[in-house]
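Chain by chain, the residues run as shown.
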Amino acid sequence: ALLIEMAASHVEMDTITYNAAISACEKGGQWAKAMGLLTEMAARRVELTTITYNAAVSACEKGSEWATALGLFNEMVARHVELNTI
């Protein structure tokens, strides 16, 4: 809801905004919403960073969505996103 309000108020939806939202989804156990935000980022051509993927993988981990988390890891490799140990 907050992201919708931000968009309606013409607040720029950038990588940092999306990362914060994905992290909030992770903390709230909403892995599917986190994945939806990740998809939205890609559709809007917002840069997906290491932080973005780490937050999404953590959300999947909390939801026991191991196959989805592995898919994100593979996507990181394919997109040449820097891997780290966060």
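Above this text sits the structure in question.
Please read all numbers here as calculations on a predicted model, not as lab measurements.

Quick look at the overall build of the protein
Then comes step 1: A tally of helices and strands in the protein yields five helices and zero strands.
Then comes step 2: Mapped in sequence order, the helices and strands of the protein form the string α-α-α-α-α.
Then comes step 3: For the protein, whose C-alpha radius of gyration is 12 Å, the value lies close to the compact-globule estimate of 12 Å for 86 residues.
Then comes step 4: Each principal axis of the C-alpha distribution contributes one length, and for the protein these read about 35 × 25 × 20 Å.
Then comes step 5: Counting across all 86 residues of the protein, residues that qualify as buried make up 36%.
Then comes step 6: Residue pairs at least 24 apart in sequence account for 54% of intrachain contacts in the protein once pairs closer than 6 positions are excluded.
Then comes step 7: When the accessible area of the protein is evaluated, it comes to approximately 5,500 Å², of which 58% is carbon and sulfur surface.
Then comes step 8: Looking at the protein, you have 6 positive and 10 negative side-chain charges, and the mean spots of the two groups are 3 Å apart.

A closer look at the pattern of salt bridges
Note on pairing: side chains with opposite charge can pair once their charged atoms come close.
Then comes step 1: Enumeration according to the criterion identifies four salt bridges in this entry.
Then comes step 2: Taking the shortest distance from any N to any O, the salt bridge between Glu-26 and Lys-27 comes out at 3.6 Å.
Then comes step 3: We classify Glu-26 as buried; its relative accessible area is 11%.
Then comes step 4: Assessed through its relative accessible area of 67%, Lys-27 is described here as exposed.
Then comes step 5: Each of Glu-26, Lys-27 and Lys-62 takes part in salt bridges that share partners, so that together they form one network.

Comments concerning the nonpolar core
Then comes step 1: Among the nonpolar cores identified, the biggest contains 21 residues, and Tyr-18, Ile-22, Leu-37, Leu-38, Met-41, Tyr-53 and Leu-72 are the most heavily contacted of them.
Then comes step 2: What Ile-22 contacts, discounting residues up to four positions off in sequence, is Ala-34, Leu-37, Leu-38, Met-41, Thr-52, Ala-55 and Ala-56.

Side note on the packing of helix 4 (residues 50-62) against helix 5 (residues 66-78)
Any two packed helices are characterised by the angle at which their axes cross and by the distance between the axes.
Then comes step 1: Where helix 4 contacts helix 5, the axes come no closer than 8 Å and their chain directions differ by 165°. One way to sum up the angle between helix 4 and helix 5 is to call them roughly antiparallel. Helix-helix and strand crossings are classified by hand; for helix 4 and helix 5 the assignment is left-handed. Touching Thr-50, Tyr-53, Ala-56, Val-57, Cys-60 and Glu-61 of helix 4 are Trp-66, Thr-68, Ala-69, Leu-72, Glu-75 and Met-76, all from helix 5.
Then comes step 2: Classifying every residue of the contact of helix 4 with helix 5 gives eight nonpolar, two polar and two charged.

Calculation rules
- Residues numbered from 1 in each chain as written.
- Predicted model: local features only at pLDDT ≥ 70, side-chain atom pairs only at ≥ 80, totals over all residues.
- Heavy atoms only, no water.
- Helix = DSSP H or I, 4+ residues; strand = E, 2+ residues; numbered from the N terminus.
- Rg over C-alpha atoms; globule rule 2.2 N^0.38 Å.
- Buried < 20%, exposed > 50% of the residue type's maximum accessible area, 1.4 Å probe, protein only.
- Contact = heavy atoms within 4.5 Å.
- Areas by Shrake-Rupley, 256 points an atom, 1.4 Å probe, with all protein chains shown as cover.
- Lys, Arg positive; Asp, Glu negative; His and termini not counted.
- Charge placed at Lys NZ, Arg CZ, Asp CG, Glu CD.
- Salt bridge = Lys/Arg side-chain N within 4 Å of Asp/Glu carboxyl O.
- Core = buried A, V, L, I, M, F, W, Y, C linked by side-chain atoms within 4.5 Å.
- Axes fitted to C-alpha atoms, helices over the stretch in contact; angles between N-to-C directions.
- Parallel < 35°, antiparallel > 145°, perpendicular 65-115°, else oblique.
- Left-handed = near helix turned anticlockwise from the far one by under 90°.
- Nonpolar A, V, L, I, M, F, W, Y, C, P; charged D, E, K, R; others polar.

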